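The chain contents come next:
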Amino acid sequence: MSEKNPKLRGALDGIPTYKPGRPAAAGGRAAYKLSSNENPYPPLPGVLESAVGAAGTFNRYPDMACSALVAELAERFGVPAEHLATGTGSVGVAQQLIQATAGPGDEVVYAWRSFEAYPIITRISGARPVEVPLTSGEVHDLDAMADAVTERTRLVFVCNPNNPTSTVVRRAELERFLDRVPSDVLVVLDEAYREFIRDEQVPDGIELYRDRPNVCVLRTFSKAYGLAGLRVGFAVAHEPVAAALRKTAVPFGVSRIAQDAAVASLRSEDALLERVESLVAERTRVRDALIAQGWTVPESQANFVWLRLGERTLDFAAACEEAGVMVRPFAGEGVRVTIGEDAGNDLFLGAAEAFRKEL
Ligand SMILES: Cc1ncc(COP(=O)(O)O)c(C=O)c1O
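An account of the accompanying structure is given in this report. Keep in mind it's a predicted model, so treat the numbers as computed, not measured.

### Details of the overall build of the protein
Consideration 1: Looking only at helices and strands, the protein features twelve helices and twelve strands.
Consideration 2: In terms of overall size, the protein behaves like a compact globule, its C-alpha atoms giving a radius of gyration of 21 Å where 359 residues would be expected to give roughly 21 Å.
Consideration 3: In terms of its C-alpha atoms, the protein occupies a principal-axis envelope of roughly 60 × 55 × 50 Å.
Consideration 4: The buried share among the 359 residues of the protein stands at 51%.
Consideration 5: As displayed, the protein has an accessible area near 16500 Å², and 52% of this comes from carbon and sulfur atoms.
Consideration 6: The positive charge centre, built from 39 side chains, and the negative charge centre, built from 48, are 4 Å apart in the protein.

Structure follows, in structure tokens:
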């Protein structure tokens, strides 16, 4: 018998494992998880009932084409059903997009820091990540990103709003950027936090994709719609990109429970978006309070805020944890804090104020 390990692809060497936000500490004391950009509200009654109803059929495979959900999305966004592709969360769809476009020798361009899955899924496919630093205002540097596109570039991510800095790119600069990128390079507008945007100058990617065959929009049910645990996201893209997504999908990846809950969420959109409105109001309250405490906080168009803390990042996160709040630190850079329940936000603000006084 051989003692050797199975041969794994060299591309996997050194790829970090995706780091989820830490859960709230167990125990008697109030503890809030503000580390994963989740929606703090429990499922709406109609959505929950529909998911529970679907659970009664889980001895069967789900509809692989997600037909009911696709039909609902096509109607909701005014796009042809053939332009829609669903997947196991929008991160699953993002990975399929890279699988469909880039392999060894190819390049994937994105801003940095941005969503931490981008380097992981790029390197898994064997492609080379090209990371373009954010501006000093924590915003995508779209001119530098367009400059970074070469004949090896296959895909560019634009995360709008950007995770973790919460900043946005606006219509004029985004259109100028899209005009510069060659039409054979796929531009993925990752709009996971779209529903939280209140800046009217930020374009809806679904409007931009219509006459641009190399633009693909990613959306998710995990954030505003509150279905993070069910794993369902989707892309809007022209053929043949949407067709490539259907080829690269894990068969039956989106469960019937997820499909039915997503349809019910779209039908309960008014109630869901009311909750989003409260989170947007809380976002303003939290940011204003932080600024009053003396912090610099980029204007947020998402359900989180960003504090650039440099070397103090881990100490700050530890102080929040001590106060009963989990936040998401990026060592040496800063802390991302999700807007959660009012009480959790208050605990966080208390911890931030105490930390500030000790500086
Ligand atoms: C920018 C961005 N895109 C995509 C995702 C993936 O979300 P999901 O896979 O739950 O749809 C996230 C999640 O944090 C995100 O922040």
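### Digging into the layout of surface pockets
Consideration 1: In this structure, the largest pocket occupies an estimated 700 Å³ of space.
Consideration 2: As for the largest pocket, its lining consists of 39 residues, and the residues nearest its centre are Y18, V91, F115, K223 and R231.
Consideration 3: When residues of the lining of the largest pocket are traced back to their parent elements, those giving at least two are α3 (89-101), α4 (117-124), β7 (215-220) and β11 (328-330).
Consideration 4: Looking at the lining of the largest pocket residue by residue, the classes come out as 18 nonpolar, eleven polar and ten charged.
Consideration 5: Reported here for the second largest pocket is a volume of approximately 430 Å³.
Consideration 6: What lines the second largest pocket is a set of 26 residues, and nearest its centre among them are T86, Q96, L245, A249 and V250.
Consideration 7: When its residues are assigned to classes, the lining of the second largest pocket shows 13 nonpolar, ten polar and three charged.

### Considerations on the packing of aromatic side chains
Consideration 1: The full count for this structure, using the stated rule, is 15 aromatic pairs.
Consideration 2: Relative to F157, the ring of Y118 lies with its centre 4.0 Å away and its plane at 5°, an arrangement referred to as stacked. Here Y118 is found in helix α4, whereas its partner F157 is found in strand β5 (residues 153-159), with 39 residues between them in sequence.
Consideration 3: Ring centres of W306 and F330 lie 6.1 Å apart, and the angle between their planes is 55°; this geometry places the pair in the tilted category.

### Details of empty space enclosed by the protein
One water molecule sets the probe size; rolling that probe over the atoms shows where empty space is left.
Consideration 1: Taken as a whole and assessed by the stated rule, the structure comprises two cavities of 30 Å³ or more.
Consideration 2: Quantified by volume, the largest cavity comes out at close to 60 Å³.
Consideration 3: Forming the walls of the largest cavity are N39, Y41, P42, P43, L44, V47, A224, Y225, G226, L227, L272 and R275.
Consideration 4: Across the lining of the largest cavity, the residue classes break down as nine nonpolar, two polar and one charged.
Consideration 5: Taken together, L73, F77, E195, R219, T220, F221, Y225, F234 and L266 make up the full set of residues lining the second largest cavity.
Consideration 6: Residues that form the lining of the second largest cavity fall into these classes: six nonpolar, one polar and two charged.

Rules used in this analysis
- Sequence positions are assigned chain by chain, starting from 1 and proceeding in written order.
- It should be noted that, the model being predicted, local features are given only for residues of pLDDT at least 70 and side-chain atom pairs only at 80 or more, the latter also being counted only at that level, while totals for whole chains, interfaces and linings use all residues.
- Neither water nor hydrogens contribute to the side-chain values; these are computed over all heavy atoms in the structure.
- Labels follow the DSSP assignment, with helices taken as runs of H or I lasting at least four residues and strands as runs of E lasting at least two, numbered in each case from the N terminus.
- Using C-alpha atoms as the atom set, the radius of gyration is obtained and then compared with a globule rule of 2.2 Å times the number of residues to the power 0.38.
- Accessible area is worked out with a 1.4 Å probe on protein chains only. A residue is then buried under 20% of its type maximum, exposed over 50%, and partly exposed in between.
- In this description, accessible areas are obtained by the Shrake-Rupley approach with a 1.4 Å probe, and a residue is regarded as covered only by the protein chains that are shown.
- Under the convention used here, Asp and Glu are negative, Lys and Arg are positive, and both His and the chain ends fall outside the count.
- Every charge is mapped to an atom, namely NZ of Lys, CZ of Arg, CG of Asp or CD of Glu.
- Only protein atoms enter the 1 Å grid used here, on which a cavity is any set of points holding a 1.4 Å probe that cannot leave and a pocket is any open set flanked by protein within 12 Å on both sides along at least five of seven lines; residues with an atom within 4 Å of a point are listed as lining.
- Grid points are joined across faces, edges and corners, and a volume is the space filled by probe spheres set on the points.
- In this classification, the charged set is Asp, Glu, Lys and Arg, the nonpolar set is Ala, Val, Leu, Ile, Met, Phe, Trp, Tyr, Cys and Pro, and all remaining amino acids, among them Gly, are polar.
- Each Phe, Tyr or Trp ring, with Trp reduced to its six-membered ring, pairs with another whose centre is within 6.5 Å; inter-plane angles below 30 degrees give stacked pairs, above 60 give edge-to-face pairs, and intermediate values give tilted ones.

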